[in-house]
There are 2 protein chains.
Amino acid sequence: MVGMRDVAREAGVSTSTVSLVVNGNGYVSPAMAERVQAAMDRLNYVPNELARNLSRNRTNLVGVIIPTIRHPFFATLTASLQRALYEQGLRTALCSTADVDQDVSQYVDMLRRRAMDGIIMGAHAVYPADYWSSIDRPIVAFDRFLGGSIPSVGSDHSQGGRLAAELFVRTGARRVVEIGGPRTHYQTAAGLNSEPLGSITIAGQPTFPPIRYHLAFERTLLAKRIRYEYMEIESVARMEEFKDAAHLAFERHPDLDAIVAPDLAAAFCAQEALRRGRSIPGDVQIIAYDGTYVSDLAGVRLTSVLQDFDGLANALVRRLVQVIPGKAYQGAGAADQPGAGEGDQAVSELISMSLKPGESTRWTGSVQELLSR
Amino acid sequence: MVGMRDVAREAGVSTSTVSLVVNGNGYVSPAMAERVQAAMDRLNYVPNELARNLSRNRTNLVGVIIPTIRHPFFATLTASLQRALYEQGLRTALCSTADVDQDVSQYVDMLRRRAMDGIIMGAHAVYPADYWSSIDRPIVAFDRFLGGSIPSVGSDHSQGGRLAAELFVRTGARRVVEIGGPRTHYQTAAGLNSEPLGSITIAGQPTFPPIRYHLAFERTLLAKRIRYEYMEIESVARMEEFKDAAHLAFERHPDLDAIVAPDLAAAFCAQEALRRGRSIPGDVQIIAYDGTYVSDLAGVRLTSVLQDFDGLANALVRRLVQVIPGKAYQGAGAADQPGAGEGDQAVSELISMSLKPGESTRWTGSVQELLSR
DNA sequence: CTGTTAGCGCATTCAT
DNA sequence: ATGAATGCGCTAACAG
């Protein structure tokens, strides 16, 4: 293997000079640069990143921890994350817990051992209150709280829930069913922080895990005296559950006239409705919550409350880079916002959701206004 | 940061002893091991993998190159790969080309610079004939040929195509439409190897890229004088195309009575058929080719010719590990097959496909036999 | 069995 | 602007 010293010898210079031209850091006279470059070409020199990594104590690898990459939601998010990371010169290590049947702690260990520069935590895990903060390495959380000073980014589910609920209110829904994730996740999310479930403010910071969506949705509907039911999905990783849930929703609540559900479940609901001879959106209105490509697979184009995947990814990566020692965020961010340099240092950041019109809900005049929000 | 020498000093031993207990390699007296362990705990020692990597010239990272992780097919494959890799102590670097809008060569560079121990190449790319072999680092190809001695693994599409065709033959299909990937991929796959398109043997090795499926399918049908059309999808990365293709299939061939298509396209076809008031499988039979969870989203459970994702992943990873210097495959493999140690050294390996019964095709007596193959 | 020692390949002070 | 020297933290011969 040809190393830097070989190149140096070939070019008749020292290794440090070679290093400089390889990394384009300090100033090297054009003549020298030329000679070194020629030597590198001649010897077919390829820099060794292992060595560079050890020197700079960095990997340029970020772990993305999610339940399963097979789920379209996480696949979409991961795709956006990969792009956002790449724009910062970072590579993506895929760390799905369910696909490998492995605990999150294995990935955290890699972080500790410096096999990764940081992790983006988007999977469910129950740990003592100080577990995450005690790691003391770059971590950001997606759609959840990991405690104290660990930054987190997520969609503004409070707003999303309200959006969905108001759409149903304005289109005259009377009997609404919500299909959602495990309630235990909500419990632990709030419980570990010793906050009552009803409270949606933690440590003075906005709170965004799905519970907010749930609460905002429920609250808005009940205020209008619309009947409302919650149906729980056990595991996000088992996709068959979505199908069962769709079936059960109609079985248990034959008189339902409106459903909001994660888009995979929403797609199944649409099929179930049609199978039962109930028209969409005449008899049953459906809102897909999330808005991946799946919402187009249902037969009808599903109206959806969609998450801004690119926005989420950008925010997550920006936050992560901020906590990686000696790393600066590249591109539009804090720098060009005068005075905003240290502005958004709140530990959590909310990315707003939007309404994507489809054919699965009615569109009265008063609904149009929701779209422009 | 506390390093090995600190631990050594604390335990009153030398660094090499510490190294031995950390890695559990050589023999250390239990007493020593105990003392070292205690020192490590006391000092909260965490080994630094960057240093270990440099020493051993290894990353334990494998790049999985695919077009896009958003596509359910590649998501499913990637999930299986991640598991298979993890079982060999390897981590997964996600390298999708379309999601990042980046050339494959960037990832190959990482491989060259030793940022990864190897790559699994599952994306389309056009390079000169000797590009891949000249890299001279661990590479295996998925469903394609990269030239000379680079191992490749893929589904036995020849068998898969025959399976689909024979099912249609036996259920009396008369007018069949196949929806498939870009023909240019076929062309280059064969073209670069200077092989006529009709030939499906390259360098005496079995050939498996999708062209085989295509050819086997076509051949079987034409032998029975069944009318047959091919519809091309331009880009695998743009999922809307599947929807358009489904629409076009019915538009261009109103008299079709059987379709085989990648499962996303097949799902759309099912919806399109139902929308046009054509019953499934009465008027139109549909076979989903691939068999990810998507084939269950169509409303009817789609009959599918499915790829053995775990089998593919295991084979890919086994082959890759074989070409990683100084690395041995863990678990069931060559070792316990007496005499098979060096047995399957053919450059390409075919994983067989199977038929998954569904509601989208008819099931006559003579069809049952196909299932047991 | 354990300690000593010499790298792994590059970054990066410092003098010059 | 360049070069010589030192260190990153660990592994693996080799010697004892």
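Criteria and cut-off values
Residues numbered from 1 in each chain as written. Chains lettered and ligands numbered in written order. Predicted model: local features only at pLDDT ≥ 70, side-chain atom pairs only at ≥ 80, totals over all residues. Heavy atoms only, no water. UniProt positions renumbered as here; feature names shortened; annotations may be inferred. Helix = DSSP H or I, 4+ residues; strand = E, 2+ residues; numbered from the N terminus. Contact = heavy atoms within 4.5 Å. Buried area = accessible area lost by both parts, 1.4 Å probe. Salt bridge = Lys/Arg side-chain N within 4 Å of Asp/Glu carboxyl O. Polar contact = N/O pair within 3.5 Å; in protein donor to acceptor, adjacent residues only side chain to side chain. Least-squares fit on C-alpha atoms with pLDDT ≥ 70 in both. Near = heavy atom within 4 Å. Nonpolar A, V, L, I, M, F, W, Y, C, P; charged D, E, K, R; others polar. Core = buried A, V, L, I, M, F, W, Y, C linked by side-chain atoms within 4.5 Å. Buried < 20%, exposed > 50% of the residue type's maximum accessible area, 1.4 Å probe, protein only. Pairing = 2+ DSSP bridges. Axes fitted to C-alpha atoms, helices over the stretch in contact; angles between N-to-C directions. Right-handed = clockwise from strand over helix to strand, strands pointing away. Lys, Arg positive; Asp, Glu negative; His and termini not counted. pLDDT = per-residue confidence, 0-100.

Identification of chain A as LacI family transcriptional regulator from Bifidobacterium xylocopae is taken from an unreviewed UniProt entry.

Engineer: Hey, could you run me through the UniProt feature "domain: HTH lacI-type" (unreviewed entry) in chain A in this one?
Structural biologist: Residues annotated in UniProt with the feature "domain: HTH lacI-type" (unreviewed entry) correspond here to residues 2-56 of chain A. This span, residues 2-56 of chain A, is 71% helix and 0% strand, and a straight line between its end C-alpha atoms measures 21 Å.

Engineer: Explain the interface of chain B and chain A here, please?
Structural biologist: Size of an interface, as often reported, equals the accessible area lost when the parts are brought together. With 52 residues of chain B in contact, the opposing surface of chain A contributes 52 residues. In total, chain B and chain A occlude about 4400 Å² of area from one another, counting both sides; carbon and sulfur atoms represent 64% of this. Linking chain B with chain A are two salt bridges, by the criterion used here. Between chain B and chain A we count 14 residue pairs in polar contact (both at pLDDT 80 or more) in total. Among the secondary structure elements, those contributing two or more residues to the side of chain B that touches chain A are helix H4 (49-56), helix H5 (72-87), strand E2 (91-96), helix H6 (97-100), helix H7 (104-112) and helix H13 (263-275) of chain B.

Engineer: Honestly, the relation of the copies chain B and chain A in this entry has me stumped. Any pointers?
Structural biologist: Relating one copy of the chain to the other requires a rotation about an axis plus a shift along that axis. Overlaying chain B with chain A gives an RMSD of 0.1 Å, the required rotation being 180° about an axis along which the chain moves by 0.0 Å. Put plainly, the chains are arranged around a two-fold axis. Of every C-alpha in chain B, the one belonging to Ala93 of chain B sits nearest the axis of rotation, 2.2 Å from it. Mapped onto chain A, 100% of the interface residues of chain B again fall at the interface, so both copies present the same surface.

Engineer: Sorry, what's going on with the protein's contact with DNA strand C here?
Structural biologist: Surveying the vicinity of DNA strand C reveals 23 residues, the closest of which are Met4, Ser19 and Tyr45 of chain A together with Thr17 and Ser29 of chain B. Among the atoms of DNA strand C lying within 4 Å of the protein, the sugar-phosphate backbone contributes 71%. In this structure, Thr17 of chain B approaches DNA strand C through a side-chain N or O atom, which is 2.6 Å from a phosphate oxygen. For the surface near DNA strand C, the class distribution of residues is ten nonpolar, twelve polar and one charged.

Engineer: I'm lost on the nonpolar core in this one. Help?
Structural biologist: Most often, soluble globular proteins keep nonpolar side chains buried together rather than apart. Counting residues in hydrophobic clusters, the biggest one holds 62 residues, and the most contacted among them are Ile179, Ile286 and Leu302 of chain A together with Ile179, Ile286 and Leu302 of chain B. Setting aside residues no more than four positions away along its own chain, Leu302 of chain A makes contact with Ala266, Ala267, Ala270, Ile286, Ala288, Ser295, Lys356, Gly358 and Ser360 of chain A. Val321 of chain A together with Val317, Leu320 and Val321 of chain B belong to the second-largest nonpolar core, a separate cluster that totals 56 residues.

Engineer: Any chance you could explain the protein's contact with DNA strand D here in plain terms?
Structural biologist: Around DNA strand D, 23 residues are found, and the nearest of them are Ser16, Thr17 and Ser29 of chain A together with Met4 and Tyr45 of chain B. Close to the protein, within 4 Å, the atoms of DNA strand D belong to sugar or phosphate groups at a rate of 74%. In the environment of DNA strand D, a phosphate oxygen lies 3.2 Å from a nitrogen or oxygen atom belonging to the side chain of Asn23 of chain B. Here a phosphate oxygen of DNA strand D and a side-chain polar atom of Arg52 of chain B are 3.5 Å apart.

Engineer: How do you make sense of the sheet that holds strand E12 (residues 303-306) of chain A when you look at a structure like this?
Structural biologist: For sheets, the rule is that strands pair by backbone hydrogen bonds, running either parallel or antiparallel. Residues and elements named next belong to chain A. With mixed pairing, the six strands of this open sheet are ordered in space as E9-E6-E10-E11-E12-E14. Either end of the sheet is taken by a strand with one partner, and the two such strands are strand E9 (227-232) and strand E14 (354-356). For this sheet, the mean inter-axis angle between neighbouring strands, taken without regard to orientation, is 20°. Pairing analysis gives three bridges linking E12 to E14, with the strands arranged antiparallel.

Engineer: Is there a simple way to think about the pattern of salt bridges in this case?
Structural biologist: Proximity of charged atoms lets side chains of opposite charge pair with each other. A complete count under the given rule lists 33 salt bridges over all chains for this structure. Here Glu251 of chain A ties to Arg276 of chain A by a salt bridge, and the two come within 2.6 Å at their closest N and O atoms. Here the residue Glu251 of chain A occupies a position in helix H12 (residues 240-252), and Arg276 of chain A occupies one in the loop between helix H13 (263-275) and strand E11 (285-290), the gap between them amounting to 25 residues. The class for Glu251 of chain A is partly exposed, based on a relative accessible area of 45%. Taking the shortest distance from any N to any O, the salt bridge between Asp310 of chain B and Arg83 of chain B comes out at 3.1 Å. With Asp310 of chain B in helix H14 (residues 309-323) and Arg83 of chain B in helix H5, this pair connects stretches of sequence that are 227 residues apart. We classify Asp310 of chain B as partly exposed; its relative accessible area is 37%.

Engineer: Would you mind going over the pairing of E11 of chain A with me for this structure?
Structural biologist: Each regular strand carries side chains that alternate between the two faces of the sheet. Residues and elements named next belong to chain A. Among the six residues that make up E11, six are buried, leaving the element largely enclosed by the rest of the structure. Sheet topology places strand E10 (residues 258-262) next to E11; five bridges connect them, and they run parallel. By the bridge assignment, Val260 is partnered in E11 with Ile287. Of the crossover connections in this fold, the one passing from E10 over H13 to the parallel E11 is right-handed. In terms of strand pairing, E11 meets E12 through four bridges, oriented parallel.

Engineer: What is the right way to look at the sheet that holds strand E4 (residues 139-142) of chain B in this model?
Structural biologist: If you trace the twelve strands from one edge of the open sheet to the other, you get E13(A)-E5(A)-E4(A)-E3(A)-E1(A)-E2(A)-E2(B)-E1(B)-E3(B)-E4(B)-E5(B)-E13(B), paired in mixed fashion. Each edge of the open sheet carries a strand with a single partner, namely strand E13 (348-351) of chain A together with strand E13 (348-351) of chain B. In this sheet, adjacent strand axes meet at a mean angle of 25° when their direction is disregarded. For strand E4 (residues 139-142) of chain A and strand E5 (residues 152-155) of chain A, the ladder comprises two bridges, and the chain directions are parallel. Among the inter-strand pairings, Ala141 of chain A is bridged to a residue of E5 of chain A, identified as Ser152 of chain A. Against the sheet, helix H14 (residues 309-323) of chain A makes contact with strand E1 (61-66), strand E3 (118-121), E4, E5 and E13 of chain A, and its axis sits at roughly 160° relative to E4 of chain A, the strand it touches most.

Engineer: I would appreciate a short explanation of the side chain of Arg144 of chain B in the present structure.
Structural biologist: Residue and element names in this part refer to chain B. Looking at the element boundaries, Arg144 is found in the loop between E4 and strand E5 (152-155). It is Asp143 that comes nearest to the buried, bridge-free Arg144 among opposite-charge side chains, at 6.0 Å. There is a polar contact of 2.7 Å between the side chain of Arg144 and the backbone oxygen of Phe142.

Engineer: Is there a simple way to think about the confidence of the model for chain A in this case?
Structural biologist: Residue and element names in this part refer to chain A. Per-residue confidence for chain A gives a mean pLDDT of 86; residues scoring 70 or more make up 88%. Confidence over residues 184-207 falls short of pLDDT 50; this stretch has 38 contacts with residues more than four positions distant or in other chains. Low pLDDT, under 50, characterises residues 336-341; the stretch is placed with two contacts to residues that sit more than four places away or in other chains.

Engineer: I'm lost on the environment of Asp257 of chain B in this one. Help?
Structural biologist: Residue and element names in this part refer to chain B. Mapped onto the fold, Asp257 is located in the loop between helix H12 (240-252) and strand E10 (258-262). Taking the relative accessible area as the measure of exposure, Asp257 reaches 13% and is therefore buried. Along the sequence, Asp257 and Arg112 sit 145 residues apart, while their C-alpha atoms lie 51 Å from each other. When sequence neighbours within four positions are dropped, the list of residues in contact with Asp257 reads Gly172, Ala173, Arg174, Arg175, Val176, Asp283, Val284 and Gln285. Within the local environment of Asp257, its side chain forms a polar contact with the backbone nitrogen of Arg174, the two atoms lying 2.9 Å apart.

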